[in-house]
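This is what each chain is made of:
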Amino acid sequence: MQQGKILVTGGAGYIGSHTTLVLLEAGYEVVVLDNLVNASQEALRRVQDIAGRSLTFIEGDIRNRACLDQLFDEHDIHAVIHFAGLKAVGESVARPLAYYDTNVNGSLTLCQAMQQAGVFRFVFSSSATVYGPDAPVPYRETMSRGRTSNPYGTSKSMVEQSLEDLVHSDGRWSVALLRYFNPIGAHPSGRLGEDPQGIPNNLLPFIAQVAVGRRQMLTVFGNDYATEDGTCVRDYLHVMDLAEGHVSALGRLPLPGIHVYNLGTGQGLSVLQMVEAFERISERPIPYQFAPRRKGDLAAFWADPHKAEQELGWQARRGLDEMIADTWRWQRQNPRGYCSEINTTTQGISQC
Ligand code: NAD
Ligand code: UFG
């Protein structure tokens with residue numbers, strides 16, 4: 001059994017729920033703080049069911065300092081993994097204040113509460129978007145952050161900068177900035193997965209909903225990029241690999257300072273390659289039509305993942321077929337996401 005508890009903010013969400021499961025399975029005690037703005041308690045019920053272990057869930061907001069102080073008072077927190085935030089790029093353009101409030105103000109409030117509680121180990125969910133449109137591929141951690149093209153990306157960059165400044169100001173801090181590429185997939189049981197509200201923004205949830213009959217047709221944004229088939233290229237990685245990357249990063253935290261890692265596979269795949277792979281594995285047709293480019297999309301980027309491999313001993317192990325088979329199993333078994341089975345028990349859940 002590991003020492004101390006891990007606070008997982010946003011632990012009911014897509015990446016947070018998978019990471020919470022991996023933490024429980026690795027023997028950690030986990031406290032989840034989530035305001036459920038984009039998640040369901042059902043995910044946490046299933047996490048506990050699969051792990052055969054329980055966690056502590058606190059329904060609360062990272063911007064609520066009193067809630068955080070109470071949490072740190074009541075629990076012996078060893079480290080914090082911070083997923084909580086808003087993540088829709090398009091929505092961030094329409095609602096910048098909401099994004100800066102949750103993503104930046106929320107992260108700073110959390111760090112202030114940690115500082116007061118004497119907790120200095122922090123893992124932050126950053127994004128490949130911080131490299132900006134001018135960075136050459138593959139992206140490497142030695143490259144500086146680039147300009148951002150939307151408030152979501154800017155919020156990630158601002159938090160990264162704040163954490164760097166914090167670490168330089170106080171040698172007790174140990175911070176991992178994990179820059180995710182494109183997480184897809186689901187737990188192999190088919191019981192946990194990505195459950196977007198409304199029309200999915202991201203490619204894989206959209207394709208999966210077409211395959212299951214919830215949507216008629218995929219719109220492919222742009223077929224005139226300078227890529228092999230004209231569609232955008234991304235570095236898709238399995239959410240279980242990503243979850244395991246967080247456990248590996250915790251192992252780095254005894255070392256003070258700032259630790260920046262790309263979490264990706266190092267391989268780029270085009271939109272049409274993803275469509276073809278999904279059709280092959282699901283044995284369902286994915287009708288699609290081309291439309292103009294989506295504003296803000298970059299033609300192609302992928303990670304250089306070697307630093308995480310060398311320093312964390314982490315690499316993405318699961319291949320494309322596994323990512324898609326797991327996405328498809330989740331979608332087939334839960335055509336309406338967690339809505340299909342909402343458990344209303346409040347046992348073991350506190351609010352603040
Ligand atoms: P998600 O929306 O599924 O999870 C975020 C969770 O945070 C949700 O459970 C939501 O209810 C919670 N939350 C939001 N605001 C909160 C607040 N004020 N207080 C407490 N809880 C709050 O998203 P995800 O895909 O799991 O992403 C997790 C993190 O990873 C986010 O910070 C996101 O920006 C980052 N990230 C995601 C991707 C991706 O493609 N999914 C890529 C790069 C980075
Ligand atoms: N795409 C379509 N049709 C769709 C949805 C997406 O053609 O319905 C295309 C996009 O144009 C893009 C590719 O599929 O070319 C991937 O798009 P996603 O929205 O799935 O992923 P992004 O690379 O745009 O964005 C993701 C995260 C962001 C993060 C960014 C960079 O969602 O949070 O990676 O890390 F900022």
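Residues numbered from 1 in each chain as written. Chains lettered and ligands numbered in written order. Predicted model: local features only at pLDDT ≥ 70, side-chain atom pairs only at ≥ 80, totals over all residues. Heavy atoms only, no water.

So, on to the overall build of the protein. The number of helices and strands found in the protein is eleven helices and 14 strands. Since a compact globule built from 352 residues should have a radius of gyration of about 20 Å, the 19 Å found for the protein is in line with a globular shape. In terms of overall dimensions, the protein has a C-alpha envelope of 55 × 45 × 40 Å along the principal axes. Looking at the protein alone, contacts between residues at least 24 apart form 81% of all its contacts between residues at least 6 apart. Accessible area of the protein: about 15,100 Å², with a carbon and sulfur share of 47%. A distance of 2 Å separates the average location of the 31 positive side-chain charges in the protein from that of its 38 negative side-chain charges. (Helix = DSSP H or I, 4+ residues; strand = E, 2+ residues; numbered from the N terminus. Rg over C-alpha atoms; globule rule 2.2 N^0.38 Å. Contact = heavy atoms within 4.5 Å. Areas by Shrake-Rupley, 256 points an atom, 1.4 Å probe, with all protein chains shown as cover. Lys, Arg positive; Asp, Glu negative; His and termini not counted. Charge placed at Lys NZ, Arg CZ, Asp CG, Glu CD.)

Take Asp-235: it is sitting in the loop between β9 (233-234) and β10 (236-238). Summary of buried charges: Asp-235 has no salt-bridge partner, and the nearest side chain of opposite charge, Arg-234, is 10 Å away. Beyond its immediate chain neighbours, meaning those up to four positions away, Asp-235 contacts Phe-181, Asn-182, Gly-264, Thr-265, Gly-266, Gln-267, Phe-301, Trp-302 and Ala-303. (Buried < 20%, exposed > 50% of the residue type's maximum accessible area, 1.4 Å probe, protein only. Salt bridge = Lys/Arg side-chain N within 4 Å of Asp/Glu carboxyl O.)

Take the nonpolar core next. Core analysis: the biggest nonpolar cluster contains 44 residues, and Ile-6, Leu-23, Val-30, Leu-55, Leu-178, Leu-250 and Leu-263 have the highest contact counts within it. The greatest single-element share of this core, amounting to seven residues, is contributed by helix α8 (residues 239-252). Those residues in contact with Ile-6, other than ones at most four positions away along the chain, are Leu-23, Tyr-28, Glu-29, Val-30, Val-31, His-78, Ala-79, Ile-81 and Leu-250. Leu-68, Leu-71, Leu-163 and Val-260 belong to the second largest nonpolar core, which has 29 residues in total. (Core = buried A, V, L, I, M, F, W, Y, C linked by side-chain atoms within 4.5 Å.)

What surrounds ligand 2 is a group of 21 residues, the closest being Asn-202, Thr-219, Cys-232, Arg-234 and Asp-297. Contact distances for ligand 2 include 2.9 Å between an oxygen atom and a side-chain N or O atom of Ser-127. For ligand 2, an oxygen atom lies 3.0 Å from a polar atom in the backbone of Phe-221. Considering ligand 2 on its own, with 690 Å² of exposed area, one finds that the protein chains cover 90% of that surface. Of all elements in the fold, only α7 (203-211) and β8 (218-221) reach the threshold of two or more residues within the shell around ligand 2. A total of four residues in the shell around ligand 2 trace back to one element, the largest contributor, which is β8. (Near = heavy atom within 4 Å. Polar contact = N/O pair within 3.5 Å; in protein donor to acceptor, adjacent residues only side chain to side chain.)

Near ligand 1 you find 27 residues, and of these Ile-15, Asp-34, Asn-38, Lys-87 and Tyr-152 are the closest. Take Asp-61: an N or O atom from its side chain is 3.0 Å from a nitrogen atom of ligand 1. Contact between ligand 1 and Phe-83: an oxygen atom at 2.9 Å from a main-chain N or O atom of the residue. In the complex, the protein chains occlude 95% of the 830 Å² of accessible area that ligand 1 would expose alone.

Per the stated rule, a full pass over the model turns up 24 salt bridges. With its nearest N and O atoms 2.7 Å apart, the salt bridge here joins Arg-63 to Asp-61. Given the relative accessible area of 17%, Asp-61 is considered buried. A salt bridge links Lys-87 to Glu-194; the nearest nitrogen and oxygen atoms lie 3.5 Å apart. Here Glu-194 lies in the loop between β7 (182-184) and α7 and Lys-87 lies in the loop between β4 (77-82) and α4 (89-94), a separation of 107 residues in the sequence. Relative accessible area serves as the criterion here: at 43%, Lys-87 is assigned to the partly exposed category. One salt-bridge network, in which partners are shared between bridges, spans Asp-241, Glu-244, Arg-317, Arg-318 and Glu-322.

Burial runs high along strand β6 (residues 174-180): seven of the seven residues are buried. Residue alternation in β6 divides its side chains into two sets, Ser-174, Ala-176, Leu-178 and Tyr-180 and Val-175, Leu-177 and Arg-179, and both sets are buried. Alignment of strand β5 (residues 121-127) against β6, held across seven bridges, turns out to be parallel. The partner of Ser-126 across the bridge, within β6, is Arg-179. Note that β6 and strand β11 (residues 257-263) share seven bridges and pair parallel. Residue pairing across strands places Arg-179 opposite Asn-262, the latter belonging to β11. (Pairing = 2+ DSSP bridges.)

Among all positions of helix α3 (residues 65-74), only Cys-67, Leu-68, Leu-71 and Phe-72 are buried. Each buried residue of α3 lies within a common arc of 130° when the element is viewed along its axis, so the set occupies one face. Set apart from the buried face of α3 by more than 90 degrees, the exposed residues are Ala-66, Asp-73 and Glu-74. Where α3 is buried, its residues meet β1 (5-9), β2 (29-34), β3 (56-59), β4 and α5 (96-117). The opening residue of α3 is Asn-64, an N-cap whose side-chain oxygen sits 3.2 Å from the backbone nitrogen of Ala-66. (Arc of directions from axis to C-beta.)

The analysis is restricted to geometry; functional conclusions fall outside its scope.
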